[in-house]
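Residue-level structure breakdown
So you can see what is in the structure, the chains are spelled out below.
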Amino acid sequence: MENAENSFKLQEDTVLFHNIPMSKIIVNNWEQVESFQARPDDLIISTYPKAGTTWMSEIVDMIYNNGDVTKSSQAPIYCRVPYMEFIMPEENMSGIQQLNNMASPRLIKTHLPVQLLPKSMWENKCKIIYVARNAKDVAVSYFYFHQSVKLMPHPGPWEEFLQKYIAGEVSYGSWHDHVKGWWKKKQEHPILYLFYEDMKENPDREIRKVIQFLEKDLGEEVLEKIIHHTDFQAMKENPMTNYKTITPDLLDQKASPFMRKGITGDWKNHFTMAQNEVFDADYARKMEGSGLQFRMEI
Ligand code: A3P
């Protein structure tokens, strides 16, 4: 975040927290998050929003269930993999409460930047899978997500949203800082850092990496089943992964479906040439020396 606290108007329900724009719902719940007691066998799935969190969550849940679709179909994904720092307003149930009630081994979803992760996750050396997706496709996906999620401020026109996104003035802050922060942390902590584009290109190869990281031993048939079950179309049709179980007053999928396109390169349908030039120049400056390489198309 390069902006001083008062140099921009934050979105209505977003406040600056440790210099990161965050939803008030999360900030008000912070004590619970900060004091969360992780267990050594917790598996954390961490992402910047819209990077493929749900996809990875379903993959890991299927791995944990040894490819048994009936087990993975017993509850919506947000019950099987609770969103740690969030509170579902309708149910008034926080991710932390859900997790505290859960038997081990637990799967945990978070979008927190690396510096805000609860201490006990580091102390317990919990394994973490980080999924990163290229900044341009995330911008587009996040723009549509803001249209459907009623708790989020309306994004306004694309041009306006894109400027905010570039400046890191959206919920969870700067994409650049997020992906870089987690990338650096992997030098000292067990983090499997994967890319959405690689998963799209070759799900077989990427799911094998996950299985190996989790030290599971699954047969080829199970792997095939997982690939098939977590394919975009299958997840779009699956009520346990497509978020249709959330009421439209919270998530209006007529405005934009949760399972929207699931492709790489949709940004080309949204960025003008001028926007792309500005984006690239800013990107080069912020990502220089990070050692991180993203593919904007496959
Ligand atoms: P798009 O809006 O570009 O379609 P998250 O789960 O982190 O919120 O990410 C949501 C994005 O991941 C959406 O991107 C969604 O369509 C995409 N997605 C979800 N499941 C997917 C899958 N099985 N394969 C590819 N993309 C998927």
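Residues numbered from 1 in each chain as written. Predicted model: local features only at pLDDT ≥ 70, side-chain atom pairs only at ≥ 80, totals over all residues. Heavy atoms only, no water.

Test applied: UniProt positions are given in the numbering used here, feature names are shortened, and annotations may be inferred rather than shown by experiment.
In the nomenclature of an unreviewed UniProt entry, the protein is known as Sulfotransferase of Geotrypetes seraphini. One UniProt comment on the protein, placed under Sequence similarities (unreviewed entry), says "Belongs to the sulfotransferase 1 family." What UniProt records for the protein under Subcellular location (unreviewed entry) is the sentence "Cytoplasm".

**Topic: the site of the ligand**
Let me state the cut-off plainly: Near is defined per residue: the residue qualifies when any heavy atom it owns lies within 4 Å of the molecule or strand. N or O atoms within 3.5 Å of each other form a polar contact, as long as, within protein, one can give a hydrogen and the other can take it, and as long as residues adjacent in sequence are counted only when both atoms are side-chain atoms. Reported accessibility uses the Shrake-Rupley method at a 1.4 Å probe radius. Residues are deemed covered only where the shown protein chains occlude them. Secondary structure elements are defined from DSSP: runs of H or I of at least 4 residues count as helices, runs of E of at least 2 residues count as strands, and each element is numbered from the N terminus.
Around the ligand there are 18 residues in total, and T53, T54, S141, Y196 and K261 lie nearest to it. Between an oxygen atom of the ligand and a side-chain N or O atom of T54, the distance comes to 2.5 Å. G262 places a polar main-chain atom, nitrogen or oxygen, 2.7 Å from an oxygen atom of the ligand. Coverage of the ligand by the protein amounts to 97% of the 570 Å² it exposes when considered alone. Per element, the largest residue contribution to the shell around the ligand is three residues, and it comes from helix α3 (residues 53–64).

**Let's talk about helix α15 (residues 273–287)**
Worth spelling out the cut-off: Helix span is expected to be 1.5 Å times the residue number reduced by one. Exposure is judged per residue with a 1.4 Å probe applied to protein chains only, and the accessible area is read against the type maximum: over 50% gives exposed, under 20% gives buried, and values in between give partly exposed. An arc is given here, and it is the one of the directions from the helix axis to the C-beta atoms. By the convention used here, residues are in contact when the closest approach between their heavy atoms is within 4.5 Å.
Spanning 15 residues, α15 covers 20 Å between terminal C-alpha atoms, matching the ideal 21 Å at 1.5 Å per step. Considered for burial, the residues of α15 that qualify are Q275, N276, F279, D282, Y283, K286 and M287. Taken down its axis, α15 places every buried residue within 140° of arc, on the same side. Set apart from the buried face of α15 by more than 90 degrees, the exposed residues are M273, A274, E277, V278, A281 and R285. If you follow the buried residues of α15, they end up packed against α8 (135–148), α9 (158–166) and α10 (175–185). Two residues or fewer past α15, G289 is found with a positive phi of approximately 75°.

**Topic: empty space enclosed by the protein**
In plain terms, the rule: Throughout, the protein atoms alone are placed on a 1 Å grid, and a set of points is a cavity if a 1.4 Å probe fits but cannot get out or a pocket if it is open with protein on both sides within 12 Å along at least five of seven lines; lining residues have an atom within 4 Å of a point. Grid points are joined across faces, edges and corners, and a volume is the space filled by probe spheres set on the points.
Throughout the structure, instances matching the rule amount to one cavity of 30 Å³ or more. Estimated volume of the largest cavity: approximately 30 Å³. Lining the largest cavity, in full, are T54, S57, I77, Y78, V81, K109 and Y243. Those elements giving two or more residues to the lining of the largest cavity turn out to be α3 and α5 (77–80).

**Overview of the packing of aromatic side chains**
What characterises a pair of aromatic rings is the spacing of the ring centres plus the angle enclosed by the ring planes. Worth spelling out the cut-off: Side-chain rings of Phe, Tyr and Trp (the six-membered ring for Trp) are treated as a pair once their centres are within 6.5 Å; stacked means planes under 30 degrees apart, edge-to-face means over 60, and tilted covers the remaining angles. In this analysis the charged atom, NZ for Lys or CZ for Arg, is taken to sit over a ring once it is within 6 Å of the ring centre and within 35 degrees of the ring normal.
Overall, the coordinates contain 26 aromatic pairs when judged by the stated rule. Judged by centre distance (5.4 Å) and plane angle (65°), the rings of W158 and F271 are edge-to-face. Residue W158 is located in helix α9, and its partner F271 is located in the loop between α14 (232–237) and α15; the two are separated by 113 residues in the primary sequence. The exposure class assigned to W158 is buried, which follows from its relative accessible area of 12%. Taken together, a centroid distance of 5.3 Å and an interplanar angle of 80° make the contact between F271 and F279 edge-to-face. Just above the ring of F271 sits the side chain of K136; from NZ or CZ to the centre is 6.0 Å.

**Structural notes on the sheet that holds strand β6 (residues 107–110)**
Note: strands within a sheet are paired through backbone hydrogen bonds, in either parallel or antiparallel orientation. Formally: One requirement defines pairing of two strands: DSSP has to find at least two bridges between them. Here the axes come from fitting lines to C-alpha atoms, over the contacting stretch only for helices, and the angles between their N-to-C directions go from 0 to 180 degrees.
Strand order in the open sheet formed by four strands is β6-β3-β7-β8, and the pairing between neighbours is parallel. Of all the strands in the sheet, the pair left with one neighbour each is β6 and β8 (191–195). With strand direction ignored, the average angle separating the axes of adjacent strands in the sheet is 20°. Note that strand β3 (residues 43–47) and strand β7 (residues 127–132) share five bridges and pair parallel. Note that in β7 the partner of T47 across the bridge is V131. The sheet strands contacting α10 are β3, β7 and β8, and the helix crosses β8 at an angle near 140°. The strands touched by helix α12 (residues 203–213) are β3, β7 and β8; relative to β8, the strand with the most contacts, the crossing angle is about 175°.

**So, the packing of α10 against α15**
Condition: Orientation categories follow fixed angle ranges, with anything under 35 degrees roughly parallel, anything over 145 roughly antiparallel, 65 to 115 roughly perpendicular, and all other angles oblique. Handedness of a helix crossing follows the sense of rotation of the near helix relative to the far helix, less than a right angle counterclockwise being left-handed and clockwise being right-handed. The nonpolar class holds Ala, Val, Leu, Ile, Met, Phe, Trp, Tyr, Cys and Pro. Asp, Glu, Lys and Arg form the charged class, and all remaining residues, Gly among them, are polar.
For the pair α10 and α15, the least separation of the axes is 10 Å and the interaxial angle reads 30°. Taken together, α10 and α15 sit at an angle that is classed as roughly parallel. Where α10 crosses over α15, the handedness of that crossing is right-handed. On α15, the residues touching W175, H176, V179 and K180 of α10 are D282, Y283, K286 and M287. The residue inventory of the contact of α10 with α15, partitioned by class, reads four nonpolar, one polar and three charged.

**What about the environment of L112?**
Summarising the element assignment, L112 is placed in the loop between β6 and α7 (119–123). Among the residues examined, L112 registers a relative accessible area of 0% and is labelled buried. Separated by 96 residues in sequence, L112 and L16 have C-alpha atoms that sit 14 Å apart.

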